[in-house]
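Observations on the three-dimensional arrangement
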Amino acid sequence: MNDLIQIIAFSIIVILTLTILAIIIITRGRPSSLDQQKYRAEWLKIENGLDKNNAATYKFALLTIDKMLNDVLDELKIDGEDVAEKLKKAKDISSVKTILAATKWREQIADKPDEKIDIAVVKRAISAYKKSLRDLGAI
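As the structure is a computational prediction, the values presented were derived from the model and not from experiment.

**Notes on the pattern of salt bridges**
This structure, assessed with the given rule, holds six salt bridges. Taking the shortest distance from any N to any O, the salt bridge between Asp-74 and Lys-86 comes out at 2.4 Å. Here Lys-86 lies in helix H4 (residues 83-89) and Asp-74 lies in helix H3 (residues 55-75), a separation of 12 residues in the sequence. Asp-135 is the salt-bridge partner of Lys-131, the closest N and O atoms lying 3.5 Å from each other. Placement of the pair is Lys-131 and Asp-135 together in helix H6 (residues 119-135), with a separation of four residues, close to one helical turn.

**Considering the nonpolar core**
Of all hydrophobic cores here, the largest spans 33 residues; its most connected members are Leu-69 and Leu-133. The element best represented in this core is H3, accounting for eight residues.

**Regarding unusual backbone geometry**
The phi torsion at Lys-77 lies on the positive side, around 65°, for a residue other than glycine. Counting through the fold element by element, Lys-77 comes out in the loop between H3 and H4. Residue classification places Lys-77 among the exposed positions, given a relative accessible area of 59%.

**Section: H6**
Counting along an α-helix, one turn takes 3.6 residues, and residues three or four places apart therefore face a common direction. In this model, H6 (17 residues) spans 24 Å end to end at C-alpha, consistent with the 24 Å of a helix rising 1.5 Å per residue. Those residues of H6 not exposed but buried are Val-121, Val-122, Ala-125, Ile-126, Ala-128, Tyr-129, Ser-132 and Leu-133. Seen end-on, H6 carries its buried residues on one side only, within an arc spanning 155°. What points out from H6, more than 90 degrees from its buried face, is the exposed set Arg-124 and Arg-134. Contacts from the buried residues of H6 go to helix H2 (36-48), H3 and helix H5 (96-111). Backbone nitrogen of Ala-120 and a side-chain oxygen of the N-cap are separated by 3.1 Å at the start of H6; the cap is Asp-118.

**Concerning a negative patch on the surface**
There is a patch of like negative charges on the surface, built from Glu-81, Asp-82, Glu-85, Glu-107 and Asp-111. Tracing the chain through its elements places Asp-82 in the loop between H3 and H4. Among the residues examined, Asp-82 registers a relative accessible area of 36% and is labelled partly exposed.

**Points about the packing of H3 against H6**
Contact pair H3 / H6: the axes reach a minimum separation of 10 Å and the direction vectors enclose 20°. Between H3 and H6, the angle is such that the two are roughly parallel. Classified by chirality, the crossing of H6 by H3 is left-handed. Of the residues in H6, those touching H3 at Ala-55, Tyr-58, Ala-61, Leu-62, Ile-65, Asp-66, Met-68, Leu-69 and Val-72 are Ile-119, Val-122, Lys-123, Ala-125, Ile-126, Tyr-129, Ser-132 and Leu-133. Looking at the contact of H3 with H6, its residues break down into 14 nonpolar, one polar and two charged.

**Some details on the packing of H5 against H6**
Axis separation between H5 and H6 bottoms out at 9 Å; the angle between their running directions is 125°. With respect to H6, the axis of H5 lies oblique. Along this stretch, H5 crosses H6, giving a crossing that reads as left-handed. Counting all contacts with H5, which are made through Thr-98, Ile-99, Ala-102, Thr-103, Trp-105, Arg-106 and Ile-109, the residues of H6 involved are Val-121, Val-122, Ala-125, Ala-128, Tyr-129 and Ser-132. Its residues assigned to classes, the contact of H5 with H6 shows nine nonpolar, three polar and one charged.

Rules used throughout
- Residues numbered from 1 in each chain as written.
- Predicted model: local features only at pLDDT ≥ 70, side-chain atom pairs only at ≥ 80, totals over all residues.
- Heavy atoms only, no water.
- Salt bridge = Lys/Arg side-chain N within 4 Å of Asp/Glu carboxyl O.
- Helix = DSSP H or I, 4+ residues; strand = E, 2+ residues; numbered from the N terminus.
- Core = buried A, V, L, I, M, F, W, Y, C linked by side-chain atoms within 4.5 Å.
- Buried < 20%, exposed > 50% of the residue type's maximum accessible area, 1.4 Å probe, protein only.
- Expected span 1.5 Å × (residues − 1).
- Arc of directions from axis to C-beta.
- Contact = heavy atoms within 4.5 Å.
- Polar contact = N/O pair within 3.5 Å; in protein donor to acceptor, adjacent residues only side chain to side chain.
- Patch = residues over 30% accessible without salt bridge, like charges linked within 9 Å, V, L, I, M, F, W, Y side chains within 5 Å.
- Areas by Shrake-Rupley, 256 points an atom, 1.4 Å probe, with all protein chains shown as cover.
- Lys, Arg positive; Asp, Glu negative; His and termini not counted.
- Charge placed at Lys NZ, Arg CZ, Asp CG, Glu CD.
- Axes fitted to C-alpha atoms, helices over the stretch in contact; angles between N-to-C directions.
- Parallel < 35°, antiparallel > 145°, perpendicular 65-115°, else oblique.
- Left-handed = near helix turned anticlockwise from the far one by under 90°.
- Nonpolar A, V, L, I, M, F, W, Y, C, P; charged D, E, K, R; others polar.

The following block contains the structure:
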C-alpha cells in the first residue's frame, strides 16, 4: 500500500512539474499584453486618413498597417525574416492564408508604387490586416 501511495505521489509531482514547464515554455518571451491604446490610436489615424477617391491613401495605409503588424509581431517576440514568415509562426491568427495574400498586395504596392490598384482588393487586404491585429490583441 505504501508503494502505491509513493507511486501516486511521484506521478502527481511529475505531472505538476511538466505542466509548469509547459506553461513557462508557452508564455516565455511574450509580453503579458500589448499596448492596445497605442495600436488602436494608430489604427484610427490610418482609417481616418483613407479617402475613398484617392487610391494613394489606400496604398499608404496598406504599407503603414503592414509595418504596424510587423511591430506587433516583434513585440510578441515572433521572429522571422519578414511579416509573412512571422505570420506563419504566429499561432494566434485565425486566417493566416488571407493575411498572407494581403502581404503580397503590400509587396506589389511597395515594388510598383505607380501602378494602378483595385481599391476593392486593397480594402479586403486592409480588412485582413485588421482581423490579424485583433487576433493578436493589438486592437
